[in-house]
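Observations on chain architecture
The chain contents come next:
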Amino acid sequence: QVQLVEAGGGLVQAGGSLRLSCVASGTVFSFNEVGWYRQAPGTGRDVAQRELVADITRGGNINYAKSVKGRFTISRDDAKNMFYLQMNSLKPEDTGLYYCNAEVDMGNGGTWYGWGQGTQVTVSS
């Protein structure tokens, strides 16, 4: 009963910026932890190959991958059931398929954990 949808990917030149968004719909009472993962080109589409880029807890604690720290910013807007990834100073090695991920409190005693469909980010040199 929950769906996550990413948006904001695209093609950008090195040094540019993109802002990714993820919106949840369905039986969503609130978010618990939310995050962004990416899968590099040529590594398939298995969940096990997805690299954590950034996540943020309900209480606002944030973790970033070392490779993006200082360049990317994760944020959440719980009133809108949305969260974001602002990506600045993009590098070619940031290229990949980016997925949003969330643990959702459904408000009925149940929780949901899952992924969006992915959005492609391509950074050219």
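Structure: above.
Residues numbered from 1 in each chain as written. Predicted model: local features only at pLDDT ≥ 70, side-chain atom pairs only at ≥ 80, totals over all residues. Heavy atoms only, no water.

**Side note on the overall build of the protein**
Summing up its helical and strand segments, the protein has zero helices and eleven strands in all. Each helix and strand of the protein, ordered N terminal to C terminal, gives the series β-β-β-β-β-β-β-β-β-β-β. Its C-alpha atoms give the protein principal-axis dimensions of roughly 50 × 30 × 20 Å. Among the 125 residues that make up the protein, the fraction classed as buried is 45%. Sequence-distant contacts, at least 24 apart, represent 58% of the contacts inside the protein between residues at least 6 apart. In the structure as shown, the protein presents an accessible area of about 6400 Å², 48% of it carried by carbon and sulfur atoms. (Helix = DSSP H or I, 4+ residues; strand = E, 2+ residues; numbered from the N terminus. Buried < 20%, exposed > 50% of the residue type's maximum accessible area, 1.4 Å probe, protein only. Contact = heavy atoms within 4.5 Å. Areas by Shrake-Rupley, 256 points an atom, 1.4 Å probe, with all protein chains shown as cover.)

**Considerations on the packing of aromatic side chains**
All told, the structure shown has five aromatic pairs when counted by the stated rule. An angle of 70° between the planes, with centres 4.9 Å apart, marks the rings of Tyr-37 and Trp-115 as edge-to-face. Note that Tyr-37 is positioned in strand E4 (residues 30-39) and Trp-115 in strand E10 (residues 111-115), a separation of 78 residues in sequence. Residue classification places Trp-115 among the partly exposed positions, given a relative accessible area of 21%. (Phe/Tyr/Trp six-rings, centres within 6.5 Å; stacked < 30°, edge-to-face > 60°.)

**Re the sheet that holds strand E3 (residues 18-26)**
What the four strands build is an open sheet, ordered E1-E3-E8-E7; its pairing is antiparallel. Single-partner strands in this sheet number two, and they are strand E1 (2-7) and strand E7 (72-77). Strand-to-strand, the axes of this sheet are offset by a mean angle of 15°, without reference to chain direction. Across six bridges, E3 lies against strand E8 (residues 82-87) in antiparallel orientation. (Pairing = 2+ DSSP bridges. Axes fitted to C-alpha atoms, helices over the stretch in contact; angles between N-to-C directions.)

**Considerations on the side chain of Ser-21**
With respect to the secondary-structure elements, Ser-21 resides in strand E3. Owing to a relative accessible area of 17%, Ser-21 belongs among the buried residues under this scheme.

**Considerations on unusual backbone geometry**
The phi torsion at Asn-81 lies on the positive side, around 55°, for a residue other than glycine. Its location among the elements puts Asn-81 in the loop between E7 and E8. Asn-81 gets classed as buried once you look at its relative accessible area, which sits at 19%. Here the phi dihedral of Ser-89 falls at roughly 50°; this positive angle occurs in a residue that is not glycine. Its location among the elements puts Ser-89 in the loop between E8 and strand E9 (96-105).

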